[in-house]
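Working through the structure, step by step
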Amino acid sequence: MKNSISGFSKLSKEEKITWLSKTYLKNATAAVDVLKQYWNPDAKLQQLHDEFTENTVSNFYLPFGIAPNFVINERSYAVPMVVEESSVIAAASKAAKFWAVRGGFKTKVLGTKKTGQVHFMFPGKKENLISFFNHCRPKMLEQTQHISKNMEKRGGGIVDIELKDKTRELPNYYQLHATFETLDAMGANFINSCLEQFGKTFEFEAQKFPRFSAEEKQLRVVMAILSNYVPECLVRAEVNCPVEEFSEAGIDGKTFAKKFIQAVKIAEIEPIRAVTHNKGIMNGVDAVVLATGNDFRAVEAGVHAFAAKDGKYTSLTHAKVENGIFYFWIEIPLALGTVGGLTNLHPLVKAALEILQRPSAKELMEIAAAAGLAQNFAAVKSLVTTGIQKGHMKMHLLNMLNQHQATDVEKATIIEQFETRPITHSAVVKAIEELRQ
């Protein structure tokens, strides 16, 4: 195969870059300079980053910012956020400040259970399988004791194992559905290790079970893996205040609240709108998840599955007015950890957790949910008042100016020009050209 290579992972970083430059890079010198420009001058720190993943050739930087003024359960936070999108941190900060003087965010963890499954095929009688499962369940728990004992000492461990019949969806297909409590750890390695041992024990014991026929002893495990769908690892965040306290863009509080609720209701019933609505929530959640070294891909997958749990994709946030009080809330599944993984390795992750006052996993769930709710409040507020582009493009203006290599003087002049003018890319380009003439 053209341009294929064998043993790439065994090459040094310099050798990997040399191969890339010779094989794929047209302007090799410039590209190589950029890759090396982002190496950390501290060789030990760079090695740490190199070993986070495979075939590392450089570091990819994202801004590490702070959204101040969050009050969550009467405690003040400055929330670290890692995100490249213009206006996300500004919007979250503005919403946090608005709600800080109105009681802040009230949050509550509703559950912390995580799940995993052993998927297996069984060509036999269900009643025999049930009998075998009841016989084998204590053995599975016994043979995972060496894995779970430390977690159990801290108050976690294996919560339950159930047998689930999925033969209507796929012939001969069953599951061992296991539930876990992993405390302050995200727990992926712990869960997967337990599940793999369950599978080995289950297959081995099937060979010896006297009630099984020769065919039934052919019980075969297909795979054992945790699930990123965690509907029992749930957190709720809420804000509320009298409707009279709203006064946005010349709109009185009652009118604003009505429009806001209508916008949320649209996201509840219209999946096309709900996707973008929820993406705005995840702007806040993912930024906190990234800053604290958690797996944003797992969080995204679980959250969007949860949004479709009733058979139709819908809004994760909800709003209402009751007795003159505006309520806005979210319930969201978040499997997060504050120990293990990158939390013990990445220097910026350590700093982020320090800034957050060393939260437990439950507290981090609450902080991330509050960030998502703040971000969504700011987005919907803009949509029903000034429109989303006014604030977004104002924040994006600096990106456009940097793209055209504007000097500090040019930036100051053009930013002032667009204080009262609509910002579009073509208008900014024209302003730069006129200024330079």
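On a predicted model such as this, the values are computed, not experimentally measured, just so you know. (Residues numbered from 1 in each chain as written. Predicted model: local features only at pLDDT ≥ 70, side-chain atom pairs only at ≥ 80, totals over all residues. Heavy atoms only, no water.)

Thoughts on the overall build of the protein chain
When you go through the protein chain residue by residue, the secondary structure sums to 15 helices and ten strands. Taken along the three principal axes of its C-alpha coordinates, the protein chain extends 90 × 70 × 40 Å. Residue pairs at least 24 apart in sequence account for 71% of intrachain contacts in the protein chain once pairs closer than 6 positions are excluded. Surface exposure of the protein chain reaches about 22800 Å², of which carbon and sulfur atoms provide 53%. For the protein chain, the distance from the average site of its 52 positive side-chain charges to the average site of its 47 negative ones is 1 Å. (Helix = DSSP H or I, 4+ residues; strand = E, 2+ residues; numbered from the N terminus. Contact = heavy atoms within 4.5 Å. Areas by Shrake-Rupley, 256 points an atom, 1.4 Å probe, with all protein chains shown as cover. Lys, Arg positive; Asp, Glu negative; His and termini not counted. Charge placed at Lys NZ, Arg CZ, Asp CG, Glu CD.)

Focus: the sheet that holds strand 7 (residues 220-226)
Across a sheet, paired strands are connected by hydrogen bonds in the backbone, their directions being either parallel or antiparallel. A sheet is described by the order of its strands in space; here four strands give the open sequence 5-6-4-7, paired in antiparallel fashion. Of all the strands in the sheet, just strand 5 (157-165) and strand 7 have a single pairing partner and so form its edges. With strand direction ignored, the average angle separating the axes of adjacent strands in the sheet is 20 degrees. In this sheet, strand 6 (residues 173-181) lies alongside strand 4 (residues 114-121) in antiparallel orientation, the contact comprising eight bridges. Across the sheet, His 119 pairs through a bridge with Gln 175, a residue of strand 6. On the sheet, helix 5 (residues 126-142) packs against strand 4, strand 5 and strand 6 and is oriented at approximately 170 degrees with respect to strand 5. (Pairing = 2+ DSSP bridges. Axes fitted to C-alpha atoms, helices over the stretch in contact; angles between N-to-C directions.)

Some words on the environment of Ala 361
Structurally, Ala 361 can be placed in helix 12 (residues 361-384). Between the C-alpha atom of Ala 361 and that of Ala 335, which follows or precedes it by 26 residues, the distance is 8.4 Å. Each residue touching Ala 361, except ones within four places of it in the same chain, is listed here: Leu 183, Asp 184, Leu 336, Gly 337 and Thr 338.

Focus: a nonpolar patch on the surface
Together, Val 34, Tyr 38 and Tyr 61 line one region of the surface with nonpolar side chains, adding up to about 290 Å² of accessible area. Relative to the elements of secondary structure, Val 34 occurs in helix 2 (residues 28-37). The class for Val 34 is partly exposed, based on a relative accessible area of 43%. (Patch = residues over 30% accessible without salt bridge, like charges linked within 9 Å, V, L, I, M, F, W, Y side chains within 5 Å. Salt bridge = Lys/Arg side-chain N within 4 Å of Asp/Glu carboxyl O. Buried < 20%, exposed > 50% of the residue type's maximum accessible area, 1.4 Å probe, protein only.)

A few points about helix 12
Owing to its 3.6 residues per turn, the α-helix aligns residues three or four sequence positions apart on the same side. Helix length check: helix 12 (24 residues) gives 35 Å between terminal C-alpha atoms against 34 Å at 1.5 Å per residue, within 8%. Buried residues dominate helix 12, accounting for 19 of its 24 residues. (Expected span 1.5 Å × (residues − 1).)

Things to note about the packing of aromatic side chains
The relative placement of two aromatic rings is captured by the distance of their centres and the angle of their planes. In this structure the tally under the stated criterion is 28 aromatic pairs. Pairing Phe 98 with Phe 377 gives two aromatic rings, centres 5.6 Å apart and planes at 25 degrees, and the pair type is stacked. With Phe 98 in helix 4 (residues 88-100) and Phe 377 in helix 12, this residue pair connects regions lying 279 residues apart in the sequence. Plain terms: the ring middles of Phe 120 and Phe 202 are 5.0 Å apart, the flat faces sit at 65 degrees to each other, and that makes the pair edge-to-face. In this pair, Phe 120 sits in strand 4 while Phe 202 sits in helix 7 (residues 188-206), placing the two residues 82 residues apart along the sequence. Considered together, Phe 120 and Phe 202 belong to a single accessibility category, that of buried residues. By way of ring pairs, the aromatic residues Phe 98, Trp 99, Phe 246, Phe 256, Phe 260, Phe 326, Phe 328 and Phe 377 are connected into one cluster. (Phe/Tyr/Trp six-rings, centres within 6.5 Å; stacked < 30°, edge-to-face > 60°.)

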